[in-house]
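# Structural characterization, general
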Amino acid sequence: MKKIHNIFISAIIVLFSTMFITSCHPFKGNQEIPAYLHVDTFLFSTNYPIEGAASHKITDVSVYIDDDYQGYYELPATIPILERGKHKVTLYPGIKLNGISRTRTINPFYKPYIIEEMELKEKVVDTLYPTTTYYSQDESTINFAFHEDFERQIIFETASGSDTTIVRTERDDPERWDDMYNNSHYSGYVWLGVTESSDTISNFCIASPAYYDLPNQGNSVFLEIDYKCNEKFEVGLFAKISGVENIPLVYVNPSPVWNKIYVNLGPNITDEQEAEYFKFYIAGLVDKGEEAEYYFDNIKLVYRD
């Protein structure tokens, strides 16, 4: 009986071994050898008078060959392509929506980088240097509803209950946001804490003007913010329905260096279709005995009709 049992077990082992070897067969012999595309980063440029500074945080790339999806990759990336010969290559710039890694997506306001005919060769790594811009207003009915770079009179309103407001830095303050083209001389600045006279300045809340006609049918509506701060801050919406409803959206962590976030306002605007108008706001709060500094720049509200 024991001998029969052992023979049965041996037969099962042989059967599964044969199945395993058979299933592995496609990976041997004539396996296709890919070509490779290497992308470090995207370069970004703007029409400054209309679109503001060329500030971006493109972290990813979405790849298409002949308009067929190949994958989504965090940059820098070396991407295998199982094609040979001449093909159309399209690279879409990707971002972390709301600053969250699990919500990576193509930025719908940035143009793809396209090579109409590219020779792909097996084992060869081609390094690409993609560039992108905003879609022009003629191409996609893109709108810059709000643009604050603090170079002129500040557009923000101070919300009710705020202990302080945002001011401009000194010209050429070393902490301000800067770019290689020297288009920026000022940034926005907020200080919270306890003054010398022991008065408490523990919170701030600044808001945009009211917008009555933001698209609310699932359209993309992004708020771009460049920031540097040592305490977290909140970004949200004020929606005028019967009263004014406060809709917190994201809490942004401190960053000791200049950083950027893309906040998606679209879903909440779509959810509140009865709202008469919307304002977006930026707010911060510290406990007594603490101090906080916030720098902001290149704040843009961008949407498509």
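Not measured: the values here are computed from a predicted model. Counting restarts for each chain, with residues numbered from 1 along the sequence as it is written. Residues qualify for local features only when their pLDDT is at least 70, as the model is predicted, and side-chain atom pairs are given and counted only at 80 or more; totals for whole chains, interfaces and linings, by contrast, use all residues. Values reported for side chains reflect all heavy atoms of the structure, with hydrogen atoms and water molecules removed beforehand.

On to the overall build of the chain. For the chain, the count of helices and strands is four helices and 22 strands. Relative to its full complement of 305 residues, the chain shows a buried share of 43%. Restricting to contacts in the chain with at least 6 residues of sequence separation, those with at least 24 account for 72%. Throughout, the Shrake-Rupley method with a 1.4 Å probe supplies accessible areas, and for residues the shown protein chains are the sole cover considered. About 16,600 Å² of surface is accessible on the chain, with carbon and sulfur atoms providing 51% of the total. Strands here are runs of E lasting at least two residues and helices are runs of H or I lasting at least four, both read from the DSSP assignment and numbered beginning at the N terminus. Relative accessibility under 20% of the residue-type maximum defines a buried residue, over 50% an exposed one, and the middle range a partly exposed one, all with a 1.4 Å probe and only protein chains included. Here a residue-residue contact requires only that any non-hydrogen atoms of the pair lie within 4.5 Å.

Looking now at the layout of surface pockets. Think of a 1 Å grid over just the protein atoms. A cavity is a set of points where a 1.4 Å probe fits yet cannot get out, a pocket is an open set with protein on both sides within 12 Å along at least five of seven lines, and lining residues have an atom within 4 Å of a point. Grid points are joined across faces, edges and corners, and a volume is the space filled by probe spheres set on the points. Computed from the structure, the largest pocket encloses a volume of approximately 410 Å³. Forming the walls of the largest pocket are 20 residues, and the residues nearest its centre are Phe44, Ala54, Ser55, His56 and Asp179. For the lining of the largest pocket, the secondary-structure elements that each account for two or more residues are strand S2 (43-44) and strand S20 (255-264). Per element, the largest residue contribution to the lining of the largest pocket is three residues, and it comes from S20. Contributing to the lining of the second largest pocket are 16 residues, with Asn98, Gly99, Ile100, Tyr227 and Ile261 lying nearest its centre. Residue assignment for the lining of the second largest pocket shows that the elements contributing at least two residues are strand S6 (85-96), strand S19 (244-252) and S20.

Here we come to the sheet that holds S19. As a general point, the strands of a sheet are linked pairwise by backbone hydrogen bonds and lie either parallel or antiparallel. Following DSSP output, two strands are said to pair if at least two bridges run between them. An order of S12-S16-S21-S18-S19 is seen for the five strands of this open sheet, with the pairing classed as antiparallel. The strands lining the two open edges of the sheet, one partner per strand, are strand S12 (157-158) and S19. Bridge count for strand S18 (residues 233-240) against strand S21 (residues 277-285) is seven bridges, and the pairing is antiparallel. By the bridge assignment, Phe238 is partnered in S21 with Lys279.

Only one rule defines a salt bridge in this text: a Lys or Arg side-chain nitrogen within 4 Å of an Asp or Glu carboxyl oxygen. Tallying each qualifying case throughout the model produces 13 salt bridges. For Glu74, the salt bridge goes to Arg104, with nearest N and O atoms at 3.6 Å. Taken together, the residues span a long stretch of sequence, with Glu74 in strand S4 (residues 68-74) and Arg104 in strand S7 (residues 104-106) at a distance of 30 residues. Between Lys260 and Glu224 there is a salt bridge whose closest N-O contact spans 3.2 Å. Of this pair, Lys260 sits in strand S20 while Glu224 sits in strand S17 (residues 221-229), placing them 36 residues apart in sequence. Residue classification places Glu224 among the buried positions, given a relative accessible area of 1%. Linked by salt bridges that have partners in common, Glu32, Arg84 and Glu122 make up one network.

Here the focus is unusual backbone geometry. With an omega dihedral of -5°, the bond running from Leu75 to Pro76 counts as a cis peptide bond. With respect to the helices and strands, the residue Pro76 is situated in the loop between S4 and strand S5 (77-81). A positive phi angle, close to 50°, is found at Asn298, a residue other than glycine. For Asn298, the position within the fold is in strand S22 (residues 292-304).

The next subject is the nonpolar core. What we call a nonpolar core is a set of buried Ala, Val, Leu, Ile, Met, Phe, Trp, Tyr and Cys residues that are connected through their side-chain atoms within 4.5 Å. Ranked by internal contacts, the top residues of the largest apolar core, which has 39 residues, are Tyr294, Phe296 and Ile299. Those elements that place two or more of their residues in this core are strand S14 (188-194), strand S16 (203-207), S17, S18, S19, S20, S21 and S22. Apart from residues no more than four positions distant in its own chain, Phe296 is found in contact with Phe150, Ile166, Ser187, Gly188, Phe204, Ile225, Asp226, Tyr227, Phe233, Trp258 and Ile282. In this structure, Val61, Ile95, Ile115 and Met118 belong to the second largest nonpolar core, which totals 29 residues.

With that settled, the discussion passes to the side chain of Ser202. Relative to the helices and strands, Ser202 resides in the loop between strand S15 (200-201) and S16. Setting aside anything within four residues of it in sequence, one finds Ser202 in contact with Asp163, Leu192, Gly284, Leu285 and Val286.

So, on to the environment of Asp149. If you trace the backbone, Asp149 turns up in the loop between strand S11 (142-148) and S12. According to the relative accessible area criterion, Asp149 is buried, its value standing at 3%. Each C-alpha atom, one on Asp149 and one on Arg168, is 9.8 Å from the other, the two residues being 19 residues apart in sequence. Filtering out sequence-adjacent residues up to four positions away, Asp149 remains in contact with Tyr48, Tyr186, Asp297 and Asn298.

With that out of the way, let us pick up the sheet that holds strand S9 (residues 125-128). Across the sheet, which stays open at both edges, the three strands sit in the order S5-S1-S9 with mixed pairing between neighbours. The sheet is open, and its two borders are formed by S5 and S9, each paired with just one other strand. Averaged over all pairs of adjacent strands, the angle between strand axes in this sheet comes to 25°, irrespective of strand direction. Across four bridges, strand S1 (residues 35-39) lies against S9 in parallel orientation. Following the sheet pairing, Leu37 is matched in S9 by Asp126. Helix axes are fitted only over the stretch in contact, all axes being lines through C-alpha atoms; the angle between N-to-C directions runs from 0 to 180 degrees.

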